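Understanding the architecture of this molecule
Spelled out from the first residue to the last, the chains are:
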Amino acid sequence: MNQTAAAPMSAPTVLVPKKKHRNLAQGVVEAFTNSIQAGTLKPGEKLPTESVIMEIHGVSRTVVREAISHLQAAGLVQTRHGIGTFVLEPQPANLRISADTIRTIGDVLAILELRISLETEAAWLAATRRTEEQVQEMGAVLKRIQHSQGRPGSVESDVAFHLLIAQATGNRYFVDILSDLGNTIIPRARVNSAQLAHDDPAVYLERLNREHDDIYNAILRKDAEAARAAMRTHLSNSRERLRRAQEGIAAGQTA
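Small disclaimer: the values here were computed from a predicted structure and weren't measured. (Residues numbered from 1 in each chain as written. Predicted model: local features only at pLDDT ≥ 70, side-chain atom pairs only at ≥ 80, totals over all residues. Heavy atoms only, no water.)

Counted according to the given criterion, the structure contains ten salt bridges. With a closest N to O distance of 2.5 Å, E119 and R115 form a salt bridge. Of this pair, E119 and R115 are both found in helix α4 (residues 105-129), four residues apart, which corresponds to roughly one turn of the helix. Take E119 and R115: they sit in the same class, and that class is buried. Its salt-bridge partner being E132, residue R130 comes within 2.7 Å of it at the nearest N-O pair. Take E132: its relative accessible area is 49%, and that puts it in the partly exposed class. (Salt bridge = Lys/Arg side-chain N within 4 Å of Asp/Glu carboxyl O. Helix = DSSP H or I, 4+ residues; strand = E, 2+ residues; numbered from the N terminus. Buried < 20%, exposed > 50% of the residue type's maximum accessible area, 1.4 Å probe, protein only.)

Next up on the list: the pairing of strand β1 (residues 77-80). By the bridge criterion, four bridges tie β1 to strand β2 (residues 84-87) in an arrangement that is antiparallel. In the strand pairing of β2, R80 is matched with G84. A loop of three residues connects β1 with β2, the two strands running antiparallel in sequence, and G82 in this loop sits at a positive phi of about 85 degrees. (Pairing = 2+ DSSP bridges.)

With that settled, consider helix α3 (residues 61-73). In this model, α3 (13 residues) spans 18 Å end to end at C-alpha, consistent with the 18 Å of a helix rising 1.5 Å per residue. Turning to α3, its buried residues are V63, V64, E66, A67, I68, S69, H70, L71 and A73. Within two residues after α3, G75 carries a phi angle of roughly 75 degrees, on the positive side. (Expected span 1.5 Å × (residues − 1).)

See below:
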């Protein structure tokens with residue numbers, strides 16, 4: 001009896017960006033975002049495997065995982081461990097803080113006050129709820145931050161670290177708010193706070209790395225109180241640098 005072989009299931013079509021991005025993960029994010037917005041990838045549809053994405057975009061597994069983290073943070077996909085990553089139904093955005101409205105150091109300071117309220121509790125929750133996979137991703141992103149500081153991609157990796165902590169809370173509203181803020185959650189994406197505060201760049205970056213390490217290690221140990229304190233210290237130090245910079249500018253204008 002003749003049997004007709006079943007045709008192999010084809011992977012969902014993913015639009016590939018035409019230009020090459022300096023940040024490889026952002027290029028993958030853009031490709032999937034375009035595919036989802038164009039309807040090529042529909043809600044409930046499964047994304048290609050990591051290996052397929054690596055082949056399509058010519059990137060490493062680490063880059064793919066960072067891109068998926070960004071897509072999760074943006075509320076576009078959801079990963080079901082052991083099954084795969086799936087496109088989510090689009091959600092109406094009721095809260096939006098436009099980056100266009102953040103123009104001055106005072107605006108960035110106001111965002112930092114919001115972040116201190118949100119992210120200290122997010123760090124506490126992350127320490128109590130995080131998975132082993134999530135903490136491994138945080139460690140990998142921290143290494144990228146340290147290797148890319150002062151070069152393109154450092155801000156994006158910093159954002160990814162904070163979004164991973166938000167994801168580890170298990171509460172999507174933390175992720176929603178930080179995703180809406182985007183790169184504005186990182187002060188140096190808007191102003192050179194170290195330069196304005198007359199900090200030595202090397203000392204500033206070393207302190208930044210140490211603050212990130214303290215947050216990560218507390219979450220790794222599942223020490224919720226230490227995680228909360230480390231996040232508060234990190235964000236409060238950023239606020240203090242900006243406050244000194246603001247005072248310096250004001251003094252220069254009145255001199």
